[in-house]
Amino acid sequence: MPQRRLETPRSGVADFFRVRSLRWRIQLWHAAVLATVILTFGSVLYLLHRSNRFHEIDNELSSAVEVLTGQLRAAPPRTLLAFLNETGELDVEIQQHIAQLNAEMRVPSTFAPRQIAHGYEAPYFGIWQARGRLATISTQEDLGELTLPSIRRQDAGKRIAYRNRGLFREAYAVGPEDCIVLVGRYIGPDLRDIQNILWLICGTGAIVFAVGLIGGWIVTGYSLRPLLEIRRVAADISERNLADQIETERMDLELADLANILNDAFARLDAAFQRQKQFTADASHELRTPLAVMQMHQQLSLAKERTPQEYRDAFETCQRATLQMRKLVESMLTLARADDDSSGEHHERIDLKVLVEDCLAQTGPLLAARGIAIESHLSAALVFGDASQLGQAVTNLLTNVSVHCPPQTTATLTLDTQGDQVVLSVADNGPGIPAEALPAIFDRFYRVDQQRARSAGSAGLGLSICRTIIESHHGTLTAESESGCGSTFRVTLPSAAETSQPGDIPGPA
């Protein structure tokens, strides 16, 4: 006994993300992609703007550091040492030089012009001795705690370093006599500009995201409108409304292809229902006559006492009607089985020549009784199929010859292989089929000569059974005829040569 598979309950998060609506799924995917693009673009734009702004500030500070360092290197050595160390008694000349150096030491004009509302917003510099004592500072404004920068010995003289100290940005480097030169400036306005840019990017991104979602919702709705039309038509399809078609003039190519496929399916379904209705009506009509005959003779027999011979005649008439109904029901069952046998489960490789010879042997007495001779030209031909069904189709064609071919005439039976096709043709010298009747001879319950066919007990299903069987074997059955010149029925089936496999047989187009 097979074990029943247990399904584990899904988590709430999984159920949340399993959106059943195609429109919402597309909208969520669109929102995710749009949000990713906006966030990525906004982040890159913000970081680039911030990096460029700080790069400009650092360039200004580093230029000022280089100018101040150059001024120190240009000073006389004794003056520079005295300026940085200030040890012992200094002569008047050195003091004058130091005073002149102090006067010349100012923040260089390397900064971009800007409005300065407070003193601490102006650029400033500071110089420290090698031992860490502050030698000079350019301003006494409230700059906060201005501490000595730390520079690694291996980096001394190689590069300019930068640091943030609150709302101040500072650049520093090692100058002559291992002193440290620092230049800084207030960056509050720059940070506000960067923050404003951030808010501008966020606001613009939110607007773009909202417009994108609204536009995506509208475009998705417009794109899915044909699917709603397809759903409406499919929902309206019923047994009485199979002729409704989906309009495809304004649809996109992909949806138009789908709609055309559905229209074709609806058309085939409508045709199948019409055939079913017609088949049911024709079958009812065909069964009505023998049933009426049986009922009439039963009523006449029961109306009064009859002689044994009269009862016998009534029973024989009822028996003939019963045989006619049985033949009709068996033909209908054959058609139903042929319609269902489309999978090819019972098909095998058979020699059609042997099958045709068996059918000739079975129908030989019937043909001989009519004085009809068969001239056969048969060659070996392999096909895949159901031997019973193909045998019934061939038998029906030969029986058709015995019914419609005049006595003392000759019919021709030919079987050969043409490329990858096996062709079986049955030609007679009968009266032929009128041109207006030729397209309908394979229809169910159709008879060219209604009166003659009914007297012969024909239900008009023989050729229809043949075509249904041949088409279930991926073949074709055609008829060629001219009034007064006989008829030729041609069966074409896929060849099943030894180099072929059942899967190689092409399906119906």
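You'll find the structure just up there.
Residues numbered from 1 in each chain as written. Predicted model: local features only at pLDDT ≥ 70, side-chain atom pairs only at ≥ 80, totals over all residues. Heavy atoms only, no water.

Asker: Help me get a handle on the pattern of salt bridges, residues and values and all.
Answerer: Across all of its chains, the model carries 9 salt bridges by this definition. Across the pair Arg 169 and Asp 58 runs a salt bridge whose closest N-O atoms are separated by 2.8 Å. Within this pair, whereas Arg 169 is found in strand E4 (residues 168-174), its partner Asp 58 is found in helix H2 (residues 22-74), the two being separated by 111 residues in sequence. Note that Glu 316 is salt-bridged to Arg 312, the shortest N-O span being 3.5 Å. Here the residue Glu 316 and the residue Arg 312 both occupy positions in helix H7 (residues 308-340), the gap between them amounting to 4 residues, near one helical turn. Linked by salt bridges that have partners in common, Arg 53, Glu 60, Arg 185, Asp 190 and Asp 193 make up one network. (Salt bridge = Lys/Arg side-chain N within 4 Å of Asp/Glu carboxyl O. Helix = DSSP H or I, 4+ residues; strand = E, 2+ residues; numbered from the N terminus.)

Asker: I'd like a rundown of the environment of Ala 35, residues and numbers included.
Answerer: With respect to the helices and strands, Ala 35 occurs in helix H2. The spacing of Ala 35 and Val 208 is 173 residues in sequence and 9.5 Å in space, taken between C-alpha atoms.

Asker: Talk me through the packing of H2 against helix H5 (residues 188-236); I want residue IDs and the actual numbers.
Answerer: Helix-helix packing is described using two parameters, namely the angle between the two axes and the distance between the axes. Where H2 meets H5, the axes come as close as 9 Å, and the angle between the chain directions of the two elements is 160 degrees. Between H2 and H5, the angle falls in the class roughly antiparallel. Crossing geometry of H2 relative to H5 is assigned as right-handed. Taken together, the residues of the contact of H2 with H5 sort by class into 22 nonpolar, 9 polar and 5 charged. (Axes fitted to C-alpha atoms, helices over the stretch in contact; angles between N-to-C directions. Parallel < 35°, antiparallel > 145°, perpendicular 65-115°, else oblique. Left-handed = near helix turned anticlockwise from the far one by under 90°. Nonpolar A, V, L, I, M, F, W, Y, C, P; charged D, E, K, R; others polar.)

Asker: Tell me about the environment of Ser 487, residues and numbers included.
Answerer: If you trace the backbone, Ser 487 turns up in strand E12 (residues 487-494). When the C-alpha atoms of Ser 487 and Asn 429 are compared, they prove to be 6.9 Å apart, with 58 residues separating the residues in sequence. Apart from the residues within four sequence positions on either side, Ser 487 is in contact with Val 426, Ala 427, Asp 428, Gly 432, Ile 433, Glu 480 and Ser 481. Among the polar contacts listed, one links the side chain of Ser 487 to the side chain of Ser 481, at a separation of 2.9 Å. (Contact = heavy atoms within 4.5 Å. Polar contact = N/O pair within 3.5 Å; in protein donor to acceptor, adjacent residues only side chain to side chain.)

Nothing here speaks to function; it is all geometry.
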